[in-house]
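Breakdown of the fold
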2 protein chains.
Amino acid sequence: MKLAIVGAGVVGRSVAELAAEYGHVVTAIADSTGAVVDAGGVDVGTALERKDHLGSVGETDPEAALDADYDCLVEVTPTTLGDAEPGFSHVERALRRDRHVVLANKGPVAERYDDVMALAAESDGEVRFEATVAGAIPVIATVEGLGPRHVTAARGVLNGTANFVLTRMAAEGLDYEHVLAEAQDLGVAEADPSFDVEGTDAGLKCAILANALRDGGYSLDDVDVAGITGLPTSALELAAEDGRTVRLIGEVTADGAVRVGPRLVTANDALAVTGTQNIVQLETVHAGQLNLSGPGAGGPETASAVLADVGRLPSR
Amino acid sequence: MKLAIVGAGVVGRSVAELAAEYGHVVTAIADSTGAVVDAGGVDVGTALERKDHLGSVGETDPEAALDADYDCLVEVTPTTLGDAEPGFSHVERALRRDRHVVLANKGPVAERYDDVMALAAESDGEVRFEATVAGAIPVIATVEGLGPRHVTAARGVLNGTANFVLTRMAAEGLDYEHVLAEAQDLGVAEADPSFDVEGTDAGLKCAILANALRDGGYSLDDVDVAGITGLPTSALELAAEDGRTVRLIGEVTADGAVRVGPRLVTANDALAVTGTQNIVQLETVHAGQLNLSGPGAGGPETASAVLADVGRLPSR
C-alpha cells in the first residue's frame, strides 16, 4: 500500500523506517513545519536525516502530505484532547477522499469516536486504531475477533511510565519524587509527566476501549480518572506486608463504568506486570479470560501495531 | 456466512450452537455416522438433541455435508496423525470447490501443512486454523498481524491437561498417578491420556506454530517430543526449593529447533500458568516479547476461535 505518514515523532519515524519491510511504499511524510511528497516513494532515510539536521522532513507545505497520492493515511501526530485537532481534520480529509486511516494518535478515537465512525460509514475507507491502546499488544484486533458483544469487561495496566514508577517504588522503597526523577533521566517519563502520572493517558485508552467494546459513546469526560501523583511509599509498604502491590488499573466494567485509578493487586496477579510493560485482560462470554501483555510503548513496538493494522485493511 | 460443520464433538457442537449469535447460518452438520443438511438453515437444537438420543445428528449420508451449499467448511473431526485423514480429504474437497476452510482439527495443518497450502493456493477459498493452537488465545492472528518474518521464536504451555497435572502435583505434593486419576475424574484428562501427557498434542501444536512462523515444512516427525509421564514428585519438590517449578514447554526456537519437554521455570515466570490455562510467548523483531494467555481448550472457548476465524474470511 501507499502510505502518507502525518507526524514524524518517535512512532512516525519508526513507521517510515519499517514500511518497506512490510511491503509498503511511503509517498509522503509530514511534520508540523514541512513535508516531503513523492508519488514514486519518498527516500525515508534522507527525509529523517533532514529532520535531524534542519528540523523538518522537507520544505514542502505540510498540507501537501494530506493531498498526496496514498491508500492509507497514518495519523501519528501528538494526541490532543477535546476537539482532537488537528488529528481529527486529518482523519476527516482522508475518509472524504475514500482513503483508509490508521491511527496511533489517541485523540480522534478517544474524544470523537462517534464523529470518526460517522465519517467512516460514509467513506470507502476504513479506520483502524490498534496502536492507540497498549502499543504492540493486539487488544483491538482480539476484541474484533471475539466480537465486541462477546467481551463483557476489560481491565489492565495501560501506562508504562506510571507502572515503571510504581514498580521501582515498591522494589526499592524509594519515594515518588525520587523515582519520577530517575524515570525522567532514563527517558521513561517526560519532562512534564502529568499526562502519564495523573492518569490522563490511561483514561484516553479506557475511553477507546469502551468505544471499541460498546460501539461508541465515550470520551475522556466519561472516564473517572485518578492518577498516582504523590502516592506515599508507605502505601506500597503496607500493600507488600499483605502480599500485594499497587497498580494503576484502567477498566471498562460489565456494568458500564469506565475508570482509572491505583488499585491493590496480589503480587503474583497477572495484572502485576513490572517496569514499562502493559497488560490487558478481556472478560469474554464464551472464551473465559484472555490476558495479553507486552511493551505498551516505544517507536518500533507501536509502529508494529500500526503496520499490523495496515495489513488488515482491504486493498483499494 | 453459510457454514457446514463436519464433526459434532465438543467443539463442533459449540460452533453449531454459537453460529447464529455471530451472524452465520449452519447449512449442514455431520458426525461420523450421519448428517443433517438444509440450505435454508439447519435446526441446530433438534440436530444436537437427535445426536444425544439416537447417536447421530441426522440420517443423511455424512458425505452429503461435504457436498452441501456452504461458504465455509468448519473441520472439527478428531485430530489424526500421519495422512491426517479423513480431515485432509474434507479440506481438499472444500478447497477444490473454492470454499473457505476453518480448522480446529490439528492434523491437516500439523502433518500436511504444505499439501494444504498448495491446495489453498489453487483455490479461491482460504484456510484458517486459529483454533488448532491454544484454544481461545489469538496466537495465529497475532503472528499474522506481526508478519511471520517478524516473529523469531515462540514458546509456551500448549496442553492444559499436562499443565493441570503439573500444577496439582506441585501444589499438593501428590504423585503423578494420583493426580492423573483425579484429572480423569474431573474430565480434564481423557480415559487414555497418552496424547496429552506424552507431549503429542503439544508437539502437533508446535509443528503448526513452526509452519505458521516459517511458511511450512514441518510435521510432528520434525518435533523433538518428551512428555511428563511418570515425572517424580521429587523433581517438583527439588524445583520448589529453588523457587522454581516444572512446565511442559513447547517451543519453536530462533535457530530452527522445534521441541516439547518438561522445563524448569521460575515460579513467578509468565510461563508458569496454572491449571488448564495455556500461554504463548512470541519473540518479535520490532515489538519485544508478547505474552498471550487464556483457556487452551473447551467447547465454547475453542468455538470462539473458530468463529473469529470465520469472521476474518473475505466474503465470497
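Residues numbered from 1 in each chain as written. Chains lettered and ligands numbered in written order. Predicted model: local features only at pLDDT ≥ 70, side-chain atom pairs only at ≥ 80, totals over all residues. Heavy atoms only, no water.

1. With respect to the pattern of salt bridges
Residues and elements named next belong to chain A.
- Enumeration according to the criterion identifies 40 salt bridges over all chains in this entry.
- Ionic pairing is found between glutamate 144 and arginine 128, a salt bridge with its closest N-O pair at 2.5 Å. Highlighted residues: glutamate 144 in helix H7 (residues 139-146) and arginine 128 in strand S6 (residues 127-128), separated in sequence by 16 residues.
- By sharing partners, the salt bridges in this structure join Arg128, Glu144, Asp309 and Arg312 into a single network. (Salt bridge = Lys/Arg side-chain N within 4 Å of Asp/Glu carboxyl O. Helix = DSSP H or I, 4+ residues; strand = E, 2+ residues; numbered from the N terminus.)

2. Regarding the interface of chain B and chain A
- If you look at the interface, chain B gives 26 residues, while chain A gives 26 residues.
- Counting each side, the surface lost to burial between chain B and chain A is near 2,100 Å², with a carbon and sulfur contribution of 53%.
- On the chain B side of the interface with chain A, the three residues burying the most area are Glu21, Tyr22 and His286 of chain B, jointly 25% of the side's total.
- Taken together, the links from chain B to chain A amount to 14 residue pairs in polar contact (both at pLDDT 80 or more).
- Counting residues per element, the ones that place at least two in the side of chain B that touches chain A are helix H7 (139-146), strand S12 (289-295) and helix H13 (299-312) of chain B.
- Taken together, the residues that form the side of chain B that touches chain A break down as twelve nonpolar, ten polar and four charged.
- Across three bridges, strand S12 (residues 289-295) of chain A lies against S12 of chain B in antiparallel orientation. Following the sheet pairing, serine 293 of chain A is matched in S12 of chain B by asparagine 291 of chain B. (Contact = heavy atoms within 4.5 Å. Buried area = accessible area lost by both parts, 1.4 Å probe. Polar contact = N/O pair within 3.5 Å; in protein donor to acceptor, adjacent residues only side chain to side chain. Nonpolar A, V, L, I, M, F, W, Y, C, P; charged D, E, K, R; others polar. Pairing = 2+ DSSP bridges.)

3. What about the environment of valine 101 of chain A?
Residues and elements named next belong to chain A.
- By the element assignment, valine 101 lies in strand S5 (residues 100-103).
- Exposure remark for valine 101: the relative accessible area of 0% places this residue in the buried category.
- Considering only alpha carbons, one finds valine 101 and glycine 199, 98 residues apart in sequence, at a separation of 27 Å. (Buried < 20%, exposed > 50% of the residue type's maximum accessible area, 1.4 Å probe, protein only.)

4. Re the packing of aromatic side chains
All names here are of chain A.
- Throughout the structure, instances matching the rule amount to two aromatic pairs over all chains.
- A centroid spacing of 5.9 Å and a plane angle of 90° characterise the contact between tyrosine 113 and phenylalanine 129, whose relative ring orientation is edge-to-face. Linking tyrosine 113 in helix H6 (residues 113-121) with phenylalanine 129 in the loop between S6 and H7, this pair joins segments that are 16 residues apart in sequence.
- With a relative accessible area of 8%, tyrosine 113 lands in the buried category. (Phe/Tyr/Trp six-rings, centres within 6.5 Å; stacked < 30°, edge-to-face > 60°.)

5. Section: the side chain of threonine 167 of chain A
All names here are of chain A.
- If you trace the backbone, threonine 167 turns up in helix H8 (residues 160-172).
- Judged by relative accessible area, threonine 167 falls into the buried class, the value being 17%.
- Residue contacts for threonine 167: discarding those within four places in its chain leaves Arg247, Val273, Thr274 and Gly275.

6. Here's the deal with the relation of the copies chain B and chain A
- The transform that puts chain B on chain A rotates by 180° and translates by 0.0 Å along the axis, for an RMSD of 0.0 Å. Put plainly, the chains are arranged around a two-fold axis. Judged by C-alpha distance, leucine 292 of chain B is the residue of chain B that lies nearest the rotation axis, at 2.4 Å.
- When you check the interface residues of chain B against chain A, 100% turn up at the interface there too, and the contact is symmetric in its surfaces. (Least-squares fit on C-alpha atoms with pLDDT ≥ 70 in both.)

7. What to know about the packing of H8 of chain A against helix H9 (residues 176-186) of chain A
All names here are of chain A.
- Contact geometry of H8 with H9 gives a least axis separation of 9 Å together with a crossing angle of 125°. In terms of orientation, H8 lies oblique with respect to H9. Seen from above, H8 lies across H9 with right-handed handedness. Within the contact between the two elements, H8 uses Phe164, Val165, Arg168 and Met169 and H9 uses Tyr176, Val179, Leu180, Glu182, Ala183 and Leu186.
- Of the residues in the contact of H8 with H9, the class split is eight nonpolar, no polar and two charged. (Axes fitted to C-alpha atoms, helices over the stretch in contact; angles between N-to-C directions. Parallel < 35°, antiparallel > 145°, perpendicular 65-115°, else oblique. Left-handed = near helix turned anticlockwise from the far one by under 90°.)

8. Regarding the packing of helix H1 (residues 10-18) of chain B against H13 of chain B
Residue and element names in this part refer to chain B.
- Close contact between H1 and H13 brings their axes to 8 Å; oriented N to C, the two are set at 65°. Viewed along their axes, H1 and H13 form a crossing whose handedness is right-handed. Within the contact between the two elements, H1 uses Val10, Val11, Ser14, Val15 and Leu18 and H13 uses Gly299, Pro300, Thr302, Ala303, Val306 and Leu307.
- Partitioning the contact of H1 with H13 into residue classes produces eight nonpolar, three polar and no charged.

9. Observations concerning H8 of chain A
Residues and elements named next belong to chain A.
- If you check H8, its first and last C-alpha atoms are 18 Å apart, about what 13 residues at 1.5 Å a residue would give, namely 18 Å.
- Gly160, Thr161, Ala162, Asn163, Phe164, Val165, Leu166, Thr167 and Met169 are the residues of H8 that are buried.
- Each element contacted by the buried residues of H8 is listed here: strand S7 (151-157), H9, helix H10 (194-197), helix H12 (233-241), strand S9 (244-252) and strand S11 (277-284).
- Of the residues flanking the start of H8, the one acting as N-cap is asparagine 159, its side-chain oxygen 3.2 Å from the backbone nitrogen of threonine 161.
- Just past H8, the residue glycine 173 takes up positive phi, approximately 65°. (Expected span 1.5 Å × (residues − 1).)

10. What about the side chain of asparagine 105 of chain A?
All names here are of chain A.
- Relative to the assigned elements, asparagine 105 resides in the loop between S5 and helix H5 (107-111).
- Here the side chain of asparagine 105 touches glutamate 75 through a polar contact of 3.1 Å, side chain to side chain.
- Once residues lying within four places of it in the same chain are set aside, the contact partners of asparagine 105 are Glu75, Val76, Thr77, Pro78, Thr79, Thr80, Gly87 and Thr132.

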